[in-house]
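Overview (structure and organization)
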Amino acid sequence: MNTTLKHWKEAATLILAAGQRLGADSLSSRTPLTAASSSPPGSSYERSHLPHRSSFDYDVLLLKRSSKSGFMPNAYVFPGGMVDSSDFSSEWLDIFKSFRNSPSFGLRNVKQPAETRPPIFATDRLKLGSPIPGEVAFRICALRETFEESGVLLVVSKLEEKSLLKSIEDRCATDPALHYKVNELGSSELTRWRALVNQNPSNFIRMCRELEVLPNIWALQEWGNWLTPAGRYGVTRFDTAFFMCCLQDTPHTLHDEKEIVRFQWSTPSEVLQSYQAQELWIAPPQFYELSRMCRFPMLNDLHNFASQRATEGCEQWLPVVFSKDEHYISLLPGDKLYPLDTSGKTQVDTSTDSQLEDPQDDSALHRIVILNPYTTTLQITITPSFLI
């Protein structure tokens, strides 16, 4: 982990999408909402423009944060949290010993030049004292946090290790098939280990060693990198790596009754409808990513897109915020008014407000417009970098 950062704490988030074959104990987690009409191609998502929930063959996992949380209390978020020093522990070298001869433990190579990679991935972790590459450690973090918060454990057994090694060695240009599954441990054993990992993140290493499993880092596709703007959600700011994972079936899920007080599996359009109906609150990054997922109502299409896109790399996004008349405009990279060098800056000079509000000028827009906490739209007239 990078303790030299001045403004941000490093973190990882997992967007978990799963096929809609639900067990009886999971049915209550779905959110029944009024159907909306299909969405035409466009950049703004409003209630009437969202795809009908029946268009989707998958759900996405959202967790409600506790009202006592110091960061975005009561918000619905994807599983994830801050990186722990144990995620970069050299003990993982022994857990992944069969993959140590493969770059980044067998993860696919990213085409993005090193000089344009976000610092969260580009930082030389060896210089910070860890032999674990960032691409690996932040996946471990996302998997550990998902297990802690939701009870969903994504691992590979030792029995599957040889076939996984062979698939990595024989890897070709075609996309991997959608086959990722969750653990098959007994509920009592799972509960015991989850409690231990919640007590101390380093117990995640111990669990993997004793159960002879590997965190399934290969199931996680690099998806994005969001930074928290200053002054928006308290003092704490995060530099967060976003990953995508697609599962065939919806796994058994439990909230941790501490940081997380509720979970739900819903289609992306259901979540956005519920947000706009003021039934739940999501932050701008979640709104953006769920809107992005509405382009892919079929799980296999989402999986294939995420798999292909992941090898392109990603861009670091620090929203630059402009406020006017009690609403906010959050500029993202590529927008005509986005500063070339933010240097941590997260506010736009008010002299630019005429350009921001000109309805006739829709050139080079990449922004989130927040009229109030429950009314948000996207304005995108460009193809953002790395969002092929």
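Heads up: these notes are all about the structure in this document. (Residues numbered from 1 in each chain as written. Predicted model: local features only at pLDDT ≥ 70, side-chain atom pairs only at ≥ 80, totals over all residues. Heavy atoms only, no water.)

Counting secondary structure elements, the chain contains 10 helices and 14 strands. The burial tally for the chain puts 54% of its 388 residues in the buried class. (Helix = DSSP H or I, 4+ residues; strand = E, 2+ residues; numbered from the N terminus. Buried < 20%, exposed > 50% of the residue type's maximum accessible area, 1.4 Å probe, protein only.)

What follows concerns the nonpolar core. Judged by nonpolar contacts, the single largest core of 56 residues is most densely connected at L16, W92, F96, F99, I217, W218 and F243. Ranked by the residues each element gives to this core, the list is headed by helix α3 (residues 134-150), at 8 residues. Of all hydrophobic cores here, the second largest spans 42 residues; its members include V60, M72, W226 and I282. (Core = buried A, V, L, I, M, F, W, Y, C linked by side-chain atoms within 4.5 Å.)

This part covers the environment of M207. As for its position among the elements, M207 is in helix α6 (residues 203-211). The spacing of M207 and V197 is 10 residues in sequence and 8.3 Å in space, taken between C-alpha atoms. Once residues within four sequence positions are removed from consideration, M207 is found in contact with F147, L153, W193 and E212. (Contact = heavy atoms within 4.5 Å.)

In this section: the pairing of strand β8 (residues 238-247). Of all the 10 residues making up β8, 10 are buried; the element is thus mostly covered by neighbouring parts of the structure. On β8, burial covers both faces: F238, T240, F242, M244 and C246 on one face and D239, A241, F243, C245 and L247 on the other are all buried. Looking at chain direction, strand β7 (residues 221-227) and β8 are connected through 6 bridges and run antiparallel. By the bridge assignment, Q221 is partnered in β8 with M244. (Pairing = 2+ DSSP bridges.)

All told, the structure shown has 12 salt bridges when counted by the stated rule. Notably, a salt bridge pairs E312 with K111, separated by 3.3 Å at the nearest N-O pair. You can see E312 sitting in the loop between α9 (299-310) and β10 (316-317) and its partner K111 sitting in the loop between α1 (92-95) and α2 (119-122), a full 201 residues away along the chain. Accessibility expressed as a relative area gives 25% for E312, which makes it partly exposed. Overlapping salt bridges bring together D87, R144, E145 and E148 as one network. (Salt bridge = Lys/Arg side-chain N within 4 Å of Asp/Glu carboxyl O.)

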